[in-house]
Amino acid sequence: MAETHATAPAELPRANPVRGGGSRTRSKGWTAALPLLLFVGLAFGIPAVALLGGAFTSGGSPSTANLTASLQGAYLTALLGSVKLSALVAVAGAVLGTFLAQAVVTSRFGALREAVLTASGVLANFGGVPLAFAWIATLGNSGVLTTRLGLGDHGWSLYSFWGLALVYLYFSVPLMVLVVVPALDGLRPQWREAAQNNGASAWQFWRYVGIPVLTPSLLGGVVLLFGGAFAAYATAAAMVGTVVPLVTLQIADALTGNVLIGHENVALALSFDMIVVAGLVMAVYLPLQRRSARWLR
């Protein structure tokens, strides 16, 4: 009987890896990013260095006197006023924006969804003097609605803390809509169907599934609204002036010598305080965004 010998398949030649390919790729990536890094360094680095130098300099020598002054008296009142206003706007804007976004997402009319999202994109970036003028003409002391509805007789005043909060909600609510609509779209229909098949009510679905999944996005939206209201200046300057103490208005007054002369470095210290608050805001916002992205992919 003839023996059959199995022939082993010939080995294919191995391709020699190109050495240093990853290094060249990383080198090209850094080279492509150099213009952006240069721009960031010029646009943010130089002002940051100047700000720190002025904030921690008093009488030509290093000192923390400016930072100490920025946390006392009227400056501290303005800082706390900005935090209070921003917190109110952030919470109220998040609640109203979430309900509006939910109504848009569950609507059967595609045209309504597109119209609301388009309007939100425009209104979220509408601010400054034009926004202040629009509200003054509408709800100011001689505004159209104020005179026709007699709001002044009932103690209404637009030039107050609550009036400014109402104006800030005008661009905060649309911004929250833009933030939370993608998160609501990320809620899979299978989750709701599975909850219904297991006998869960709509409230139980939102309590145990919907709200826990959306919580990082909602908190991230609150933080984002807080940062936007905290840094706003032009609208408040044009509408309330010094009636409502805000840190941005105090910085402008100190830099221009509107109230006190020679307090420019205190204004830089106040700006440093704002940077610290903004840094804390971003430290909370970024992890929340990464966590929500894992659920809503």
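It should be noted that the structure appears before, not after, this text.
Nothing here was measured: the structure is a model prediction, and the numbers come from that model.

Undergrad: Explain the layout of surface pockets here, please?
TA: Rolling a probe over the atoms, with the probe sized like a water molecule, indicates the empty space that remains. By volume, the largest pocket is sized at about 310 Å³. What lines the largest pocket is a set of 13 residues, and nearest its centre among them are V95, T98, F99, I211 and L218. Breaking the lining of the largest pocket down by element, the ones donating at least two residues are α3 (73–105) and α9 (202–231). Class assignment for the residues of the lining of the largest pocket results in eleven nonpolar, two polar and no charged.

Undergrad: Explanation requested: the packing of helix α5 (residues 129–139) against helix α7 (residues 161–185) in the structure shown.
TA: The geometry of a pair of packed helices is captured by two quantities: the angle between their axes and the separation between those axes. The contact between α5 and α7 brings their axes to 11 Å, and the two run at 125°. In terms of orientation, α5 and α7 fall into the oblique class. The handedness of the crossing between α5 and α7 comes out as right-handed. Every residue of α7 that contacts α5 at L131, W135 and L139 is listed here: L166, V167, Y170 and F171. Along the lines of polarity and charge, the residues of the contact of α5 with α7 split into seven nonpolar, no polar and no charged.

Undergrad: Help me out: how do you make sense of the pattern of salt bridges in this one?
TA: Pairing between side chains of opposite charge can happen when their charged atoms approach one another. By the definition in use, this model includes one salt bridge. Across the pair R113 and D185 runs a salt bridge whose closest N-O atoms are separated by 2.6 Å. With R113 in helix α4 (residues 110–123) and D185 in helix α7, this residue pair connects regions lying 72 residues apart in the sequence. Judged by its relative accessible area of 21%, R113 is partly exposed.

Rules used throughout
Residues numbered from 1 in each chain as written. Predicted model: local features only at pLDDT ≥ 70, side-chain atom pairs only at ≥ 80, totals over all residues. Heavy atoms only, no water. 1 Å grid on protein atoms, 1.4 Å probe; cavity = no way out; pocket = protein on both sides within 12 Å on 5 of 7 lines; lining within 4 Å. Points joined across faces, edges and corners; volume = space filled by probe spheres on them. Helix = DSSP H or I, 4+ residues; strand = E, 2+ residues; numbered from the N terminus. Nonpolar A, V, L, I, M, F, W, Y, C, P; charged D, E, K, R; others polar. Axes fitted to C-alpha atoms, helices over the stretch in contact; angles between N-to-C directions. Parallel < 35°, antiparallel > 145°, perpendicular 65-115°, else oblique. Left-handed = near helix turned anticlockwise from the far one by under 90°. Contact = heavy atoms within 4.5 Å. Salt bridge = Lys/Arg side-chain N within 4 Å of Asp/Glu carboxyl O. Buried < 20%, exposed > 50% of the residue type's maximum accessible area, 1.4 Å probe, protein only.

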